[in-house]
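Chain by chain, the residues:
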Amino acid sequence: MAEISESFGMLMGETARLWRYALDQRLQPLGLTQAKWLVLLHLSRENGLIQKDLAIRVGVEAPTLVVMLDRMAEDGWITRRESSDDRRSKTVHITAKAQDVLKQIRTTATQLRRELLAGIAPKDIERCSDVLAQIKRAVENLST
C-alpha cells in the first residue's frame with residue numbers, strides 16, 4: 001500500500017498534465033495557447049474573477065498572468081475592470097468573442113474526454129471523481 005500511495009500524487013499530476021497537453025494539441029488550430037484556454041475556461045465558470053485569484057487557479061504567478069491578460073485584452077478575448085471591493089484589484093471578464101471560442105473549446109474537450117474515458121465503467125469514473133473531490137477538499141482545507 002505504501003508504494004501505491006507514494007506514487008499516487010505523481011500519477012495524478014502526470015495524468016492531468018498529459019490530458020491538458022492532448023487538449024492543447026487539439027486547440028492549437030484555434031490559435032489558443034494552453035494558458036489562454038485555461039484562463040477562458042476558468043472565467044467561463046466564474047466570470048469576473050480577481051486577477052490574483054485567477055492566477056492561482058491557472059497556476060501561474062501574478063506578474064506572468066498580467067502579461068498574458070494584456071495580450072488577451074488586445075486580442076479581444078477579455079476585459080478588465082476595477083473591483084467594486086478593492087479599487088487596487090481588477091476583475092477579469094470574458095467578451096462575446098471569447099464566448100464563441102468557448103463553444104469550440106468545450107466541444108473539443110468533450111470529444112477528448114469521451115475518447116480518454118471510453119471503456120472505463122461509469123461506476124469507476126464516479127468513484128474516481130469522488131476520491132479526487134475528497135483530495136481536493138483536503139488540499140483546500142490546508143490553506144484555510
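What counts and what doesn't
- Residues numbered from 1 in each chain as written.
- Predicted model: local features only at pLDDT ≥ 70, side-chain atom pairs only at ≥ 80, totals over all residues.
- Heavy atoms only, no water.
- Helix = DSSP H or I, 4+ residues; strand = E, 2+ residues; numbered from the N terminus.
- Buried < 20%, exposed > 50% of the residue type's maximum accessible area, 1.4 Å probe, protein only.
- Contact = heavy atoms within 4.5 Å.
- Axes fitted to C-alpha atoms, helices over the stretch in contact; angles between N-to-C directions.
- Parallel < 35°, antiparallel > 145°, perpendicular 65-115°, else oblique.
- Nonpolar A, V, L, I, M, F, W, Y, C, P; charged D, E, K, R; others polar.
- Core = buried A, V, L, I, M, F, W, Y, C linked by side-chain atoms within 4.5 Å.
- Pairing = 2+ DSSP bridges.
- Phe/Tyr/Trp six-rings, centres within 6.5 Å; stacked < 30°, edge-to-face > 60°.
- Lys NZ or Arg CZ within 6 Å of the ring centre and 35° of its normal.

K.L.:
Account for the overall build of the protein, naming residues and giving values.
P.N.:
Across its full length, the protein holds six helices and three strands. Walking the protein from its N terminus toward its C terminus, one meets helices and strands in the order α-α-β-α-α-β-β-α-α. Projected onto its principal axes, the C-alpha coordinates of the protein cover approximately 50 × 40 × 25 Å. Counting the 144 residues in the protein, one finds 26% classified as buried. Of all intrachain contacts in the protein linking residues separated by at least 6 positions in sequence, the fraction that spans at least 24 positions is 50%.

K.L.:
I'd like to hear about the packing of helix α2 (residues 34-45) against helix α4 (residues 62-74), residue by residue, with values.
P.N.:
Interhelical geometry of α2 versus α4 gives an angle of 85° and a closest axis separation of 11 Å. By the angle class used here, α2 and α4 are roughly perpendicular. In this structure, α2 uses Ala 35, Lys 36, Val 39 and Leu 40 to contact α4, whose residues at the interface are Leu 65, Met 68, Leu 69 and Met 72. For the contact of α2 with α4, the per-class residue count stands at seven nonpolar, no polar and one charged.

K.L.:
Explain the nonpolar core to me, and be specific about the residues and the numbers.
P.N.:
Core analysis: the largest hydrophobic core is formed by 27 residues, its most contacted members being Val 39, Leu 40, Leu 54, Ile 78 and Ile 105. Setting aside chain neighbours within four positions, we find Leu 40 in contact with Leu 32, Met 72, Trp 77, Ile 78, Ile 94, Ala 98, Val 101, Leu 102 and Ile 105.

K.L.:
Describe the sheet that holds strand β1 (residues 49-50), listing the residues and the values that go with them.
P.N.:
If you trace the three strands from one edge of the open sheet to the other, you get β1-β3-β2, paired in antiparallel fashion. Edge positions in the sheet fall to β1 and β2 (78-82), since each of these pairs with one other strand and no more. Looking at chain direction, β1 and strand β3 (residues 90-94) are connected through two bridges and run antiparallel. Looking at β3, one finds that Leu 49 is bridged to Val 92.

K.L.:
Kindly report on the packing of aromatic side chains, identifying the contributing residues and their values.
P.N.:
The final tally for this structure, using the stated rule, is zero aromatic pairs. The ring of Trp 77 carries the charged tip of Lys 97 above its face, separated from the ring centre by 4.5 Å.

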